[in-house]
Amino acid sequence: MTTQLTAPANPVLRVAPAAPADAAAYFRASLVFHADVSDVAAALDAEGDPGFVVLDSRSTASWDQGHVPGALHLPTALIAEQAEQLLDKSVPVVTYCWGPGCNGATRAALALAELGFQVKEMLGGFEYWVREGFAFETWEGAEKRAADPLTAPVDSEDCGC
């Protein structure tokens, strides 16, 4: 007699959801480590000091191609030797790189955390900054593209999340 193993019919529930307290702890921890593009943009656009510095961890060629206005450029490879001269450890740092397919911002955040900086990673990186329609700077000057309707609301400033 052979026994046939079958997966549950519902792939979403193949692994049961976490207990609510465990889920709350996980999602709270995620927010401790991450900020999204629209929240960073809103904080930078508000009057006064946003309370953090934005750090672009990409190469100089990438920086020249486009970067978040007001961001500090410090490639990941230079963080160990230059971060303590350029950044204040009492001010949180928000790192970004190209986009969700790149872990450069994660590597930069790790390097900064190992040096004693408070750090968050900006989810979506430069790609989603541009795709959500926020202004950016290039070596030629300021630019802005229309928001991609798959990444940002087209008729509202706020997505409601």
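Figured I'd write up the structure that's included with this text. (Residues numbered from 1 in each chain as written. Predicted model: local features only at pLDDT ≥ 70, side-chain atom pairs only at ≥ 80, totals over all residues. Heavy atoms only, no water.)

1. Re the packing of aromatic side chains
Per the counting criterion, the structure on display carries four aromatic pairs. The interplanar angle of 85° and the centroid separation of 5.5 Å between the aromatic rings of Phe126 and Phe136 together place this pair among those described as edge-to-face. With Phe126 in helix H6 (residues 125-131) and Phe136 in strand E6 (residues 136-138), the pair connects residues that are 10 residues apart, well separated along the chain. The class for Phe126 is buried, based on a relative accessible area of 6%. Note on Phe136: relative accessible area 3%, which makes it buried. Measuring from ring centre to ring centre gives 5.1 Å for Trp129 and Phe134, while their planes differ by 45°; the resulting arrangement is tilted. Since its relative accessible area comes to 4%, Trp129 is described here as buried. Taken together, the ring pairs connect Trp98, Phe126 and Phe136 into an aromatic cluster. A cation over a ring is seen here: Arg58 above Phe126, with NZ or CZ 4.8 Å from the ring centre. Positioned over the ring face of Phe117 is Lys89, at 5.5 Å from the centre of the ring. (Phe/Tyr/Trp six-rings, centres within 6.5 Å; stacked < 30°, edge-to-face > 60°. Helix = DSSP H or I, 4+ residues; strand = E, 2+ residues; numbered from the N terminus. Buried < 20%, exposed > 50% of the residue type's maximum accessible area, 1.4 Å probe, protein only. Lys NZ or Arg CZ within 6 Å of the ring centre and 35° of its normal.)

2. Topic: the pattern of salt bridges
Applying the stated criterion across every chain, the model contains four salt bridges. In this structure, Arg131 and Asp148 form a salt bridge, with 2.6 Å as the shortest nitrogen-oxygen distance. Of this pair, Arg131 sits in helix H6 while Asp148 sits in the segment after strand E7 (141-143), and the two are 17 residues apart along the sequence. (Salt bridge = Lys/Arg side-chain N within 4 Å of Asp/Glu carboxyl O.)

3. Brief notes about helix H2 (residues 37-45)
For H2, the set of buried residues is Val37, Val40 and Ala41. Summarising the axial view, the buried residues of H2 lie within an arc of 100°, below the 170-degree limit, and thus occupy one face. For H2, the secondary structure elements touched by its buried residues are strand E1 (34-36), strand E2 (53-56), strand E4 (93-96), strand E5 (119-123) and H6. (Arc of directions from axis to C-beta. Contact = heavy atoms within 4.5 Å.)

4. Quick look at helix H5 (residues 104-114)
Regarding H5, the residues found buried are Gly104, Ala105, Ala108, Ala109 and Leu112. Across the axial projection of H5, the buried residues extend over an arc of 135°, all falling on one side. Taken from the residues just after H5, Gly116 is the one with a positive phi, measuring 100°.

5. A look at the pairing of E2
Sheet analysis places E2 next to E4, joined by four bridges and oriented parallel. In the sheet register, Asp56 faces E4, and the bridge partner there is Tyr96. Across two bridges, the pairing between E2 and strand E3 (residues 72-73) is parallel. Bridge pairing in E3 links Asp56 to His73. Tracing the backbone out of E2, into helix H3 (residues 60-65) and back to the parallel element E3 gives a crossover that is right-handed. (Pairing = 2+ DSSP bridges. Right-handed = clockwise from strand over helix to strand, strands pointing away.)

6. Let's talk about the sheet that holds E2
Spatially, E1-E5-E4-E2-E3 is the arrangement adopted by the five strands of the open sheet, whose pairing is parallel. Because the sheet does not close on itself, it has two edges, and the strands there are E1 and E3. Where H5 meets the sheet, its contacts fall on E2, E4 and E5, and the angle it forms with E4 comes to roughly 150°. (Axes fitted to C-alpha atoms, helices over the stretch in contact; angles between N-to-C directions.)

7. Thoughts on the pairing of E5
Bridging between E1 and E5 involves three bridges; their strand directions are parallel. The partner of His34 across the bridge, within E5, is Glu121. Examined bridge by bridge, E4 and E5 share three bridges and lie parallel to one another. If you follow Val93 over to E5, its bridge partner there is Val119. Remark: the E4/H5/E5 crossover connection has right-handed handedness.

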